[in-house]
Amino acid sequence: MRQRPNAQRPNYLAGLGSLVWLALVGLPLYVLLISTLRTTSNYSTQGPLSFPSQLTLSNYLSAFDNGFGQDFLNTLIVTVSVVGIVLLVVPPLAYAIVRAKGRTISVVFRVFLLGLAVPAQAVIVPMFYVISKAGLYDHLIGVILPTAAFSMPVCTLVLTGAMRDITPDLYEAMAIDGASPWRVFRQLVLPLSKGGLSSIVVFSALQAWNGFLFPLILTQSDSTKVITLGLYNFQTEHGVDVPGLLSAVVLSMLPIFVVYLFARRALVQGLMGVGGK
Amino acid sequence: MSALSFTTELGRRRLKARRPGVGATRPGFAWAVPATVFFLLFAILPLVLVAVLSFTSWDGITSPHFNGLANWTKLFDDPVMTQSIWLTLVLTVLGVVTQTPISILLGVWAAGHQRNRAVLSAIFFVPLLLSATAVSVLWRALLDPNFGLPGQLPWLFGNGNLLGSQAGSIAVLTFVGMWQFTPLHALLYQGGARAVPQVLYQAAAIDGAGTVRQFFHITLPQLRNTMITSVILMVVGGLTTFDTVLILTQGGPGTDTTVSAYYMYEQGFKNFDFGAGSAIALVLVVVATLISLAVVRISGYDKMRSTAEGI
């Protein structure tokens, strides 16, 4: 791999582009981090670019005074539940799509593919209707259910792709042993589609953690507020406290950033898997 | 919808892949039931309801009641609606045009083996980790005319009040969209570029083709399928732009950046006219589906066997 002929000839065009991009990404991230470490008055007088004369952690502490802890907990509950639902129902579905016989299952697969083309934005009004009718308005479960449903099409596609890569010979070997579908699923399909499974965990977790639209229209209380909604409310209510606001932004991405640091490969491959290879 | 024809193709391939004699260990349809019921209830049912609700008048509190075509006639006479469709299309095209070249360059670069590549690409992809909300909140603070970057970099931002004009607001929305989504698409292209057979480059190098020619004659054509996936994602994403508009411009100044998705939200959840909101939503679904279908048709994506499992 390392002796590729074009490896000796660097791609200057792409290299230059990457430096420009580094500035475009790096500068805002620098301002984001440095602003959270200065006081609000320091931010307004010195401006966002200069390095603050005095560093403080008070912005982070006040974020927790503003209820960030509760938002964090709610987001965690939503994320864990969404990933749980997806992991519970999508692998059996994908297994059936790949292995079951009959017309019904291919209709089902088409319905899920159709779901790929439906943006969540398009259904917020009827979703509000359905969730209110079900008595789930302003409950976390009312956010969890639609979020899980809307991450299913992509997860199904990714996982069926992974399961198709399992060679028929392996199924036949297990069939000769007289294995039940459940045993095949547990001992063959699940272990051999680990890559696909981690992709759908990454994808559905990111969807849930960063989700904004469903919480925006389906909740209203502080007790059911998730982080993204907290950021939005914070901005509309105390938009002038930029260091406070940006501290909440940093805190909101912290868990994902930790995953990114320690499992960058899994995360990146997960996202790549979602886009298709 | 967009995927119907290539689904048929998938179905055909699956039939071919089947082998006789192993039926006993195949799972039954029951395995698919929980996911299907769940999906029908919380995704397909709302989709059907959006069409029904577009023929009703509903304030969100009392029960909806049918009012025939009232929402639709109102919608077609509404200049803000017509404008919102144009704005949405403009933003979508600008998004595709700005994000595609940059993400191809970044992706191809990240697929290479340069020194420092690992460290740099770790930084490049950080915007992926931020929610759309966080990105919008961050840029709104950064672009604040009084306390943000414009005050410190007047040579770059002019009078500084970018969000005060329509052109400025559209530029900001396009830029923030690019900042937020380019990493994802670059990642797709990185995956695509890694999958290009090395033999092609070796052959080209023997023929004396330089890096630039290799890029245009091998890398780009080989990335065609990735490009289709990426463009469809950008189009659907662009047509449903909402979070950035809500947080950065609130559809303003005036209604200058009131895109369709935002207009729908405003009609429904601010003016409590959920019937009108549903009608706009239905327009969005139809337009998004038609465009996806068109991209699939024009590109011949539905006829490509090798990539049928792509997106």
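The model shown is predicted, which means the values in this text are computed figures rather than measured ones. Residue positions are counted from 1 within each chain, in the order its sequence is given. Each chain gets a letter, beginning with A, and each ligand a number, beginning with 1, in the order they are written. Two thresholds apply to this predicted model, a pLDDT of at least 70 for residue-level local features and 80 or more for giving and counting side-chain atom pairs, whereas whole-chain, interface and lining totals are computed over all residues.

Peer 1: Looking at this structure, I do not really get unusual backbone geometry. What am I missing?
Peer 2: A negative phi holds for most residues other than glycine; trans holds for most peptide bonds. Residues and elements named next belong to chain B. At Gln250, a residue that is not glycine, the phi angle is positive and equals roughly 50°. Labels follow the DSSP assignment, with helices taken as runs of H or I lasting at least four residues and strands as runs of E lasting at least two, numbered in each case from the N terminus. By the element assignment, Gln250 lies in the loop between helix H13 (243-249) and helix H14 (260-270). Note on Gln250: 14 C-beta atoms within 10 Å, which makes it partly exposed. The backbone of Phe272 shows a phi angle near 55°, a positive value even though the residue is not glycine. Mapped onto the secondary structure, Phe272 falls in the loop between H14 and helix H15 (274-299). With C-beta atoms placed from the backbone, a residue is labelled by how many other C-beta atoms lie within 10 Å of its own: buried for 20 or more, exposed for 12 or fewer, partly exposed between the two. Phe272 gets classed as partly exposed once you count the C-beta atoms within 10 Å, which come to 13.

Peer 1: How do you make sense of the environment of Tyr260(A) when you look at a structure like this?
Peer 2: Structurally, Tyr260(A) is set in helix H13 (residues 242-262). On the neighbour-count criterion, Tyr260(A) (18 C-beta atoms within 10 Å) is partly exposed. We call two residues in contact when their backbone-placed C-beta atoms lie within 7 Å. Apart from the residues lying within four places of it in its own chain, the contact partners of Tyr260(A) are Leu267(A) and Leu129(B).

Peer 1: It is not clear to me how the interface of chain B and chain A should be interpreted in this structure. Could you clarify?
Peer 2: By a widespread convention, an interface's size corresponds to the accessible area lost as its parts come together. Between chain B and chain A, the residue contacts involve 97 residues of the former and 100 residues of the latter. Looking at which element gives the most residues to the side of chain B that touches chain A, the answer is helix H2 (residues 33-53) of chain B, with 14 residues. Of the residues in the side of chain B that touches chain A, the class split is 65 nonpolar, 27 polar and five charged. Any residue that is not Ala, Val, Leu, Ile, Met, Phe, Trp, Tyr, Cys, Pro, Asp, Glu, Lys or Arg is counted as polar, Gly included; the first ten are nonpolar and the last four charged.

Peer 1: For this particular structure, what's the right way to read the domain arrangement of chain A?
Peer 2: All names here are of chain A. What fixes the domain bounds is an automatic or database domain assignment. Here chain A is described as being made up of domain 1 (12-56) and domain 2 (61-275). The straight-line distance from the C-alpha centre of domain 1 to that of domain 2 is 32 Å. Every contact between the two is made by eight residues of domain 1 and, on the other side, eight residues of domain 2. Sorting elements by how many residues they give to the side of domain 1 that touches domain 2 places helix H1 (residues 12-35) first, with three residues. Along the lines of polarity and charge, the residues of the side of domain 1 that touches domain 2 split into three nonpolar, four polar and one charged.

Peer 1: I tried to follow the nonpolar core on my own but got confused; where do I start?
Peer 2: It is characteristic of soluble globular proteins that their nonpolar side chains tend to be buried jointly. A set of buried residues qualifies as a nonpolar core if it consists of Ala, Val, Leu, Ile, Met, Phe, Trp, Tyr and Cys joined through C-beta atoms within 7 Å. With 166 residues, the main nonpolar core has Val86(A), Val90(A), Val249(A), Leu138(B), Ile280(B) and Ala281(B) as its most contacted residues. No other element matches helix H7 (residues 140-164) of chain A, which puts 15 residues into this core. If sequence neighbours within four positions are ignored, Ile280(B) has contacts with Leu75(B), Met81(B), Ser260(B), Tyr263(B), Met264(B) and Gln267(B).

Peer 1: How do you make sense of the environment of Gly238(B) when you look at a structure like this?
Peer 2: All names here are of chain B. Checked against the element boundaries, Gly238 lands in helix H12 (residues 224-239). Among the residues examined, Gly238 registers 24 C-beta atoms within 10 Å and is labelled buried. For Gly238 and Leu89, which are 149 residues apart along the polypeptide, the C-alpha to C-alpha distance reads 7.9 Å. Excluding anything up to four places from it in sequence, Gly238 contacts Leu91, Thr92, Gly95 and Val96.

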